[in-house]
Amino acid sequence: MEQATLSDRAKSPRRSAPLLWAALALLIVLAAVAVWWWHGRNPPLRYVTARVSQGDIQRTVNMTGALNPVVTAQVESFVSGNIKFWSCDYNTPVTVGQVCALIDPLPFQVIVDQDTASLHSAMAQLAKDQVAAANQAVVYAYDKKLIDQGIVSQETINADKATLDQDQAQVKLDTANIAQQRASLHGAMVNLGYTKILSPVNGMVITRYIDVGQTVVSSLSASPLFLIGKDMHSMQVDTNVSEADVGGVKPGQRSYFTVQAYPNRTFWGSVRQIREGPITVQNVVTYDVVIDIKNDDLALFPGMTADAHIITAERSNVLRVPLPAVRFNPEGVARAARAAGQGRSGAQGREGGTSAEERHADSGRSGGPGGRSQLWLLRDGKLVSVRVRTGLDDGTLVEVSGEDLKVGDVVVVNAVRPNAAQSEPQGENRPPGTNANVRGGGFRM
């Protein structure tokens, strides 16, 4: 009896070994499943938020342009010659009539002296011929008295009359010659005066193109001697506005710009003119929009590149949120909205379409300016939907108004899974400019 009991005890461990191995295998499988589930599950959503702020919104047209004086005068020479001296250098303030350069006047002075001598000779010839004509008049009068007495013949009288007429005609010819000599002298004196290069305007010399000893040639294609900007305290920015944006630009609109020389300073001006002449470069059409600006401290120089912005619309002291906020829908809401929309569109297709109010409401959900949309706020850790009306946007912020909206409300801009390296933002649309790997970030207002 004792032998049988010992035999059963010896066989018992052999029966329990397979059960232990089966239990161990089951534990391993359960552990693998748990690890797979833990690593494969979706991480929790995290919301990218911003706060509702109050301030101004401006819609602008952006372009680059060049600074130029309002009026520029290119000073050229009317006569040819060598530069004797110049007195107007770069950045020199000038006034009307100021001598800026002198062309060698000696050749022109010689011509003036010659014409003066010719004039004096003509005047002397006139005096001589006047005396001859007066003497012939006396002879003719005396012979006319003697013809009655038979002392002189009629032939002599006729000869005297012809000589008198010739002398009087010579006097007239001398008078005309004197006028011609005066005109020639005047022209020579004018050319002599043109050797002085004068400033035609009050302003400042922008560029000097000449130097002493340089030969100036007067012609239709001659280069300017000086470039003078009139009244550098008032300047203009010539900008190139694309044909897609020029429709919103009007005279009188405010504008501001910056230049690289003063990156921390903003200059203000106003639109003076939209020039309708197209500028076509490689099939791209732009228009010159002229912006008037004040340069009281003469800080701006001609030719500077201006990064200009023309304000085409603006709102002051309004509520505003980031533009992606009006396009955001939480996970699940977008799918439900699409399913409901498909069902509604099918029913409306059978019934003959939608009403104008429904179409307007649907278009407002896109967050377009002047439409209706909804925002999702975080209140006490929960999402709350608020219906708003959208207004002007500047590409980053959009104007919103609603009874349940106030400054400081936390609005949801996006939803991300921060632990998923390649996860996409949750919602109907991925907002432009958002990063799917943002970790608890938010928009800076």
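Just so we're clear, the structure is a prediction, and the values are computed from it rather than from any experiment.

Student: Could you clarify how one ought to interpret the overall build of the chain in this entry?
Tutor: Across its full length, the chain holds 5 helices and 17 strands. For the chain, with 445 residues in total, the buried portion stands at 34%. Summarising the internal contacts of the chain: among those between residues at least 6 apart in sequence, 73% fall at separations of at least 24. When the accessible surface of the chain is totalled, it reaches about 27,000 Å², and 54% of it is carbon and sulfur.

Student: It is not clear to me how the layout of surface pockets should be interpreted in this structure. Could you clarify?
Tutor: Estimated volume of the second largest pocket: approximately 150 Å³. What lines the second largest pocket is Asn91, Met204, Val205, Ile206, Met232, Asn295, Leu298, Leu300, Phe301 and Pro302. For the lining of the second largest pocket, the element with the most residues is strand 7 (residues 203-208), which contributes 3 residues. Within the lining of the second largest pocket, the residues separate by chemical class into 8 nonpolar, 2 polar and no charged.

Student: Please clarify how the confidence of the model for the chain should be interpreted in this entry.
Tutor: Note: predicted coordinates in regions of low pLDDT should not be interpreted at a detailed level. On average, residues of the chain score 81 in pLDDT, and 79% of them reach the 70 mark or higher. Of all secondary-structure elements in the chain, the lowest mean pLDDT belongs to helix 5 (residues 356-364), at 38, while strand 10 (residues 254-259) reaches the highest, 96. Low pLDDT, under 50, characterises residues 340-368; the stretch is placed with 19 contacts to residues that sit more than four places away or in other chains. Here residues 420-445 is a poorly scored stretch, pLDDT under 50, and it has 61 contacts once near neighbours within four places are set aside; other chains count.

Student: Can you walk me through the pattern of salt bridges in this structure?
Tutor: If charged atoms from side chains of opposite charge come close, those side chains can pair. Considering all chains together, one arrives at 10 salt bridges under this definition. For the salt bridge of Asp297 with Arg265, the shortest nitrogen-to-oxygen distance reads 3.0 Å. Taken as a pair, Asp297 in the loop between strand 12 (284-294) and strand 13 (305-322) and Arg265 in strand 11 (residues 262-281) lie far apart in primary sequence, 32 residues in all. Residue class for Arg265 comes out partly exposed when judged on its relative accessible area of 32%. Between Asp409 and Lys406 there is a salt bridge, with its nearest N and O atoms 3.1 Å apart.

Student: It is not clear to me how a nonpolar patch on the surface should be interpreted in this structure. Could you clarify?
Tutor: Together, Trp21, Leu24, Leu26, Leu27, Ile28 and Leu30 give the surface a local cluster of nonpolar side chains, amounting to about 680 Å² of exposed area. Tracing the chain through its elements places Ile28 in helix 1 (residues 2-40). Among the residues examined, Ile28 registers a relative accessible area of 54% and is labelled exposed.

Student: Teacher, can you tell me more about the pairing of strand 13 here?
Tutor: When a strand is regular, its side chains alternate between the sheet's two faces. One ladder, built from 13 bridges, connects strand 2 (residues 53-75) with strand 13; its direction is antiparallel. Directly across from Thr60, in strand 13, lies its bridge partner Ile311. Summarising the sheet, strand 10 and strand 13 pair through 5 bridges and their orientation is antiparallel. Across the sheet, the residue bridging to Val259 is Ala306, located in strand 13.

Student: Would you explain the nonpolar core in this entry?
Tutor: Across soluble globular proteins, nonpolar side chains show a tendency to be buried alongside one another. Ile197, Phe226 and Ile228 are the most contacted members of the largest nonpolar core, which totals 28 residues. At 6 residues, helix 2 (residues 106-146) tops the list of elements feeding residues into this core.

Student: Before we go on, may I ask you to explain the packing of aromatic side chains in this structure?
Tutor: Each pair of aromatic rings is reported with the distance of its centres and the angle of its planes. For the structure shown, the criterion picks out 4 aromatic pairs. Each ring, one from Tyr256 and one from Trp268, has its centre 5.1 Å from the other, and the planes form 45°; the classification is tilted. Of the two residues, Tyr256 sits in strand 10 while Trp268 sits in strand 11, which places them 12 residues apart along the sequence. Its relative accessible area of 43% is what places Trp268 among the partly exposed residues. Ring centres of Tyr262 and Phe267 lie 6.2 Å apart, and the angle between their planes is 65°; on these two criteria the pair is classed as edge-to-face. In this structure an aromatic cluster arises from ring pairing among Phe257, Tyr262 and Phe267. Above the ring of Trp86, the side-chain terminus of Arg208 is found at 4.0 Å from the ring centroid.

Thresholds, definitions, all that
- Residues numbered from 1 in each chain as written.
- Predicted model: local features only at pLDDT ≥ 70, side-chain atom pairs only at ≥ 80, totals over all residues.
- Heavy atoms only, no water.
- Helix = DSSP H or I, 4+ residues; strand = E, 2+ residues; numbered from the N terminus.
- Buried < 20%, exposed > 50% of the residue type's maximum accessible area, 1.4 Å probe, protein only.
- Contact = heavy atoms within 4.5 Å.
- Areas by Shrake-Rupley, 256 points an atom, 1.4 Å probe, with all protein chains shown as cover.
- 1 Å grid on protein atoms, 1.4 Å probe; cavity = no way out; pocket = protein on both sides within 12 Å on 5 of 7 lines; lining within 4 Å.
- Points joined across faces, edges and corners; volume = space filled by probe spheres on them.
- Nonpolar A, V, L, I, M, F, W, Y, C, P; charged D, E, K, R; others polar.
- pLDDT = per-residue confidence, 0-100.
- Salt bridge = Lys/Arg side-chain N within 4 Å of Asp/Glu carboxyl O.
- Patch = residues over 30% accessible without salt bridge, like charges linked within 9 Å, V, L, I, M, F, W, Y side chains within 5 Å.
- Pairing = 2+ DSSP bridges.
- Core = buried A, V, L, I, M, F, W, Y, C linked by side-chain atoms within 4.5 Å.
- Phe/Tyr/Trp six-rings, centres within 6.5 Å; stacked < 30°, edge-to-face > 60°.
- Lys NZ or Arg CZ within 6 Å of the ring centre and 35° of its normal.

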